Amino acid sequence: MNQFVVPAGVPIHFFLTSASVMNVFFVPQLGSMIYTMNGMTTQLYLQADAPGTFRGLSAQYSGDGFSDMHFDVLAVPAERFKTWVEVTRTKANAQS
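The structure reproduced in this document is the subject of the present report.

## Let's talk about the pattern of salt bridges
Taken as a whole, this structure holds one salt bridge when the rule is applied. Across the pair D72 and R55 runs a salt bridge whose closest N-O atoms are separated by 3.6 Å. In this pair, D72 sits in strand 7 (residues 70–76) while R55 sits in strand 6 (residues 52–58), placing the two residues 17 residues apart along the sequence. A relative accessible area of 13% places D72 in the buried class.

## Observations regarding the packing of aromatic side chains
All chains considered together, the criterion is met by five aromatic pairs. Considering the side-chain rings of F81 and W84, the 5.8 Å spacing of their centres and the 25° angle between planes classify their relative orientation as stacked. Taken together, the residues span about one helical turn, with F81 and W84 both in helix 1 (residues 78–95) at a distance of three residues. Judged by relative accessible area, which is 36%, W84 ranks as partly exposed. One aromatic cluster is present, formed by F4, F14, F25 and F71 through successive ring pairs.

Procedures and definitions
Residues numbered from 1 in each chain as written. Predicted model: local features only at pLDDT ≥ 70, side-chain atom pairs only at ≥ 80, totals over all residues. Heavy atoms only, no water. Salt bridge = Lys/Arg side-chain N within 4 Å of Asp/Glu carboxyl O. Helix = DSSP H or I, 4+ residues; strand = E, 2+ residues; numbered from the N terminus. Buried < 20%, exposed > 50% of the residue type's maximum accessible area, 1.4 Å probe, protein only. Phe/Tyr/Trp six-rings, centres within 6.5 Å; stacked < 30°, edge-to-face > 60°.

Here you go:
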């Protein structure tokens with residue numbers, strides 16, 4: 001499953017681009033929709049005011065597999081985010 005975890009109540013600053021075709025990064029419940037293009041970087045701030053799971057998707061048809069281009073944004077309390085970061089780092093170090 002495609003997902004990323006963010007701390008609830010904290011603004012997150014994204015730098016977005018595309019590796020090939022134009023696409024759209026969209027998290028409807030967080031009010032964002034921004035286009036990405038190859039060779040260009042665009043910026044976006046998102047903030048989930050409360051914990052929850054927010055569905056994100058690609059909103060630009062881009063060929064085969066388009067219908068599978070979705071993800072979940074998991075907004076969690078600060079302490080849970082801190083634990084998630086520590087566990088993720090430990091897993092990454094064990095795989096290197």
